[in-house]
Structure formats: structure tokens, C-alpha cells
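Survey of secondary and tertiary structure
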Amino acid sequence: MTDSTTLVALVLGLLEGLTEFIPVSSTGHLLLAGHFLGFESAGRSFEVVIQLGAVLAVLTVYASKLISVIRAAPRDPQAARFLAAVLLAFLPAVVVGVMAHGFIKTVLFETPILIAIMLILGGIILLFVDRMAPAPRYNDVTEVPLGVALKIGFFQCLAMVPGVSRSGATIVGALLLGTGKRAAAEFSFFLSMPTMAGAFAFDLYKNRDVLDAGALGEIAVGFVAAFLAAVLVVRWLLGYVSRHGYSLFGWWRIIVGSIALAALLKGF
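All figures in this text were calculated on a predicted structure; none of them were measured in a lab.

**Topic: the overall build of the chain**
- The helix and strand inventory of the chain stands at eleven helices and zero strands.
- The secondary structure elements of the chain, listed N-terminal to C-terminal, are α-α-α-α-α-α-α-α-α-α-α.
- With respect to the three principal axes, the spread of C-alpha positions in the chain is 55 × 35 × 35 Å.
- Burial status across the chain gives 50% buried among its 268 residues.
- The long-range fraction of contacts in the chain, counting pairs at least 24 apart against all pairs at least 6 apart in sequence, stands at 84%.
- Here the chain displays about 12,100 Å² of accessible surface, and carbon together with sulfur accounts for 71% of that area.
- Separation of charge centres in the chain, based on 18 positive and 15 negative side chains, amounts to 11 Å.

This is the structure we're talking about:
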């Protein structure tokens with residue numbers, strides 16, 4: 001592993017951790033950065049494994065709350081319903097992800113212009129929903145009804161298109177369905193745990209024959225960077241969106257997508 005590959009791995013790991021849980025599309029940022037930096041791993045193994053660092057980050061931050069909910073579930077109907085809501089929201093992604101995995105990885109992931117366009121469109125939608133969403137009916141994440149959770153799960157499926165953003169799709173869906181801004185972000189955190197862990201396991205299985213053992217060093221650097229950055233973001237995000245909403249991330253998407261689209265159209 002050379003100094004240049006270590007630096008690229010560090011940059012991409014930080015990018016993954018900083019963007020995974022905010023509604024700007026970590027996958028879109030990673031793929032665009034990899035394109036412009038000339039970086040591509042065999043079977044996208046680097047991109048797949050460093051996402052596990054982000055999963056472990058949210059598990060670390062929410063470990064005590066998750067454990068308390070699981071322990072309370074047998075005797076607390078609200079805790080049991082919340083766990084069921086998260087699992088129900090996870091199911092649509094399982095079905096669509098398994099059925100469309102090949103198309104997503106071989107076509108959508110290899111189309112940088114599509115990613116840039118989706119960043120811009122998603123930013124516009126996020127700005128609109130942040131201002132025009134209906135008054136919230138569910139301000140506590142454990143209050144989200146099962147039917148609403150399932151609908152949020154279908155919104156999450158939109159993130160199969162890189163550049164849409166898993167957290168962005170779930171947050172927009174939750175806001176439109178009457179969830180408060182803080183609760184929408186928190187539900188997205190909990191939903192990310194089974195979704196990202198499942199995607200990691202499935203991608204690892206599908207790419208088991210093309211994984212590059214020689215890239216373990218750069219993967220380790222990216223993994224640690226993603227974990228540390230994601231811990232900071234998860235701790236910061238809920239307080240920020242409670243006070244300021246999501247407009248910052250909408251503008252971020254539009255600016256990054258516009259710069260990337262202009263560069264791509266010029267042949268970079």
C-alpha cells in the first residue's frame with residue numbers, strides 16, 4: 001500500500017462516515033470521489049466494507065437505547081411495536097435489493113452523471129419538504145405506527161439509485177407521513193442498522209470471489225476513518241436538525257451535484 005492509496009482510503013473513509021447518516025447520499029459522494037480520484041476497488045469491496053464502520057458507529061452510539069428497548073419489548077407494548085416497526089420498514093429494501101442487486105451494481109453504480117443529477121433533484125426535494133411538510137403527529141421515534149413504518153420502508157427503496165441517499169429517502173418519507181424532524185432522523189438511524197448490515201452481508205457474499213486481499217490495508221484505514229467520523233455525525237445530527245431542519249443538506253446536495261455534473265460534462 002503506497003502513501004497515495006493510504007491518503008485516498010483515508011479521504012474516502014472520512015467521506016463515508018461524514019455523509020452516511022445525513023441526507024446527502026454517502027454512496028453518491030463515494031462513487032463520484034472515486035471517479036475523480038481514479039479509485040475503484042475489485043467488486044466495490046472497499047466501498048462495501050467501510051460502510052460497516054458506519055454501521056458500528058451508530059450501534060455504538062445507540063447501544064444503550066437499543067438494548068433497553070429490546071429488554072423492555074416482552075413487557076412493554078410500545079417497545080415491542082417500535083422493534084416491529086423498524087423490521088417492517090426494513091423488509092421492502094430486502095426484496096428490492098435482492099431482486100435488483102445486479103442492475104444496481106453494474107449499471108446504476110457506473111453512471112456518474114446519473115448520480116450528480118440525483119444529488120441535485122434530491123436537494124430540491126429536500127428543501128421543499130423541509131419547508132412544506134405537514135405538521136408532525138409523531139415526535140417520539142417509538143410512536144411511529146406500523147403502517148407508517150412500512151411506507152417509510154418503501155421510500156427507502158428509492159435509495160437503491162445512487163445519489164438519492166438512504167437517509168434522505170427515509171427522512172423525506174417520514175416527514176411527509178407526519179413524523180417530526182428529530183424523530184425522522186432517529187428512525188433513519190435505527191432503520192440503518194438492519195439495512196446496512198444486511199446490504200454489507202449480501203454484497204460481501206455476492207463479491208466473495210473478487211475481493212482483493214491485497215487491499216486490506218487501505219480497507220482498514222477507510223474502515224476506521226468511517227467509524228470515527230460517523231460517531232461524530234450521529235452525536236451531532238439530532239440536535240442540529242431539531243433547531244435548524246434540513247435545508248443545509250438540500251443546498252449541499254445541489255452545490256456538490258452541480259459541480260460534479262459540470263465537471264463530468266467537460267469530460268473529467
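**A short note on a nonpolar patch on the surface**
- Taken together, the side chains of Leu7, Leu10, Val11, Leu14, Leu18 and Leu37 make up a nonpolar region of the molecular surface, amounting to roughly 500 Å² of accessible area.
- The element best represented in the nonpolar patch is helix 1 (residues 3-19), accounting for five residues.
- Relative to the elements of secondary structure, leucine 7 occurs in helix 1.

**Things to note about the side chain of arginine 166**
- Within the secondary structure layout, arginine 166 lies in helix 8 (residues 166-176).
- The exposure class assigned to arginine 166 is buried, which follows from its relative accessible area of 11%.
- Once residues within four sequence positions are removed from consideration, arginine 166 is found in contact with Glu20, Phe21, Gln156, Ala159, Ser188, Leu191, Ser192, Thr195 and Met196.

**Here's the deal with the environment of leucine 56**
- Its location among the elements puts leucine 56 in helix 3 (residues 45-61).
- The spatial distance from the C-alpha of leucine 56 to the C-alpha of phenylalanine 154 is 24 Å, given a sequence separation of 98 residues.
- Sequence-distant contacts of leucine 56, defined by excluding residues within four places in its chain, comprise Phe223 and Phe227.

**Describing the UniProt feature "transmembrane region" in the chain**
- UniProt annotation of "transmembrane region" refers to residues 4-24, 50-70, 84-104, 109-129, 144-164, 184-204, 214-234 and 245-265 when read in the numbering used here.
- In this annotation, residues 50-70 is assigned 95% helix and 0% strand; the end-to-end C-alpha distance for the span is 27 Å.
- Helix makes up 57% of residues 144-164 and strand 0%. Its end C-alpha atoms lie 23 Å apart.

Cut-offs used in this document
Residues numbered from 1 in each chain as written. Predicted model: local features only at pLDDT ≥ 70, side-chain atom pairs only at ≥ 80, totals over all residues. Heavy atoms only, no water. Helix = DSSP H or I, 4+ residues; strand = E, 2+ residues; numbered from the N terminus. Buried < 20%, exposed > 50% of the residue type's maximum accessible area, 1.4 Å probe, protein only. Contact = heavy atoms within 4.5 Å. Areas by Shrake-Rupley, 256 points an atom, 1.4 Å probe, with all protein chains shown as cover. Lys, Arg positive; Asp, Glu negative; His and termini not counted. Charge placed at Lys NZ, Arg CZ, Asp CG, Glu CD. Patch = residues over 30% accessible without salt bridge, like charges linked within 9 Å, V, L, I, M, F, W, Y side chains within 5 Å. Salt bridge = Lys/Arg side-chain N within 4 Å of Asp/Glu carboxyl O. UniProt positions renumbered as here; feature names shortened; annotations may be inferred.

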